[in-house]
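# Structural overview
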Amino acid sequence: MECKKMNPWRNHVRVIGPQGETIYGIFRKPWGRERKPKKGYAFIEEAITGQTYEVHESRITDLPQDFDGEYDKYVEARFNEAQEHSWSLPKGVRPGKLISTGVGDGYAFYVITKVNKRGVTLEWRGYSLDRWSDQVLGGGGVFPLRAIEPLVRRSDSDLFRPKLEKLSLKSGKREE
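If you're wondering where the values come from, they're calculated on a predicted model, not measured in any experiment.

## Details of the overall build of the protein
Summing up its helical and strand segments, the protein has two helices and nine strands in all. Going residue by residue from the N terminus, the α and β elements of the protein occur as β-β-β-β-β-α-β-β-β-β-α. Scored against the burial criterion, the 176 residues of the protein give a buried share of 38%. The contacts of the protein with a sequence gap of at least 6 include a subset with a gap of at least 24, amounting to 46%.

What follows is the structure, given as structure tokens:
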């Protein structure tokens, strides 16, 4: 397999990890003065966390660029798990809370990993298939609590949460 593709940022891949685990990600070119991968290897950015691995080409399988394909289903499943976990937490700024900001034609997603009196630690998550990041929050980091609280209040709002209880109609018809 040759790693030289027309647009390496959008090439979805499946990688078999060292313990036989499956890792989904995308090809990544070296940044700026970053060294190139060793011969026969490629940089792969993990789909959700963005962590970069240097992987031998024999462990990489290209995936088709189709909506609702294997890669997209993986990302969607991880997003649903994170969203359910976030919704299961009490309201307020807490580790595990998922927040988002509108960017371009989608969203940038972040998870709160640590909270103290002075700040909140955020980590970026690749739940958007366009892999957006916010201009201010970037790839994550430590931010003042007062800057993150409004984002958490919005994600805690009932306006953005689905109704978890199911409606059951006795007749099966809409009542007027």
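There is more to say after this.
## Points about the confidence of the model for the protein
Put simply, the protein has an average pLDDT of 84, and 85% of its residues get 70 or more. Across residues 164-176 the pLDDT falls below 50, and counting only partners more than four positions away or on other chains, this stretch makes one contact in the model.

## So, the side chain of Thr101
Its location among the elements puts Thr101 in strand β6 (residues 98-103). Apart from the residues within four sequence positions on either side, Thr101 is in contact with Gly106, Tyr107, Ala108, Asp134, Leu137, Leu151 and Arg154.

## Some details on the side chain of Ser100
With respect to the helices and strands, the residue Ser100 is situated in strand β6. We classify Ser100 as buried; its relative accessible area is 19%. Those residues in contact with Ser100, other than ones at most four positions away along the chain, are Tyr107, Ala108, Phe109, Leu151 and Arg154.

## Some words on the environment of Ser155
Structurally, Ser155 can be placed in helix α2 (residues 145-156). Judged by relative accessible area, which is 17%, Ser155 ranks as buried. Each C-alpha atom, one on Ser155 and one on Gly92, is 9.4 Å from the other, the two residues being 63 residues apart in sequence. Looking at Ser155, its side chain comes within polar contact range of the main-chain oxygen of Val152, at 3.0 Å.

## Quick notes on α2
Counted at 1.5 Å a residue, the expected span for α2 with its twelve residues is 16 Å, and the 16 Å between its end C-alpha atoms agrees. Of all the positions in α2, only Ile148, Leu151, Val152, Ser155 and Asp156 are classed as buried. On an axial view of α2, the arc spanned by its buried residues comes to 135°, and they lie on one face. Seen from the open side of α2, the exposed residues pointing more than 90 degrees away from its buried face are Arg146 and Arg153. Contact partners of the buried residues in α2: α1 (70-88), β6, β7 (106-115), β8 (119-125) and β9 (140-144).

Definitions and cut-offs
- Residues numbered from 1 in each chain as written.
- Predicted model: local features only at pLDDT ≥ 70, side-chain atom pairs only at ≥ 80, totals over all residues.
- Heavy atoms only, no water.
- Helix = DSSP H or I, 4+ residues; strand = E, 2+ residues; numbered from the N terminus.
- Buried < 20%, exposed > 50% of the residue type's maximum accessible area, 1.4 Å probe, protein only.
- Contact = heavy atoms within 4.5 Å.
- pLDDT = per-residue confidence, 0-100.
- Polar contact = N/O pair within 3.5 Å; in protein donor to acceptor, adjacent residues only side chain to side chain.
- Expected span 1.5 Å × (residues − 1).
- Arc of directions from axis to C-beta.

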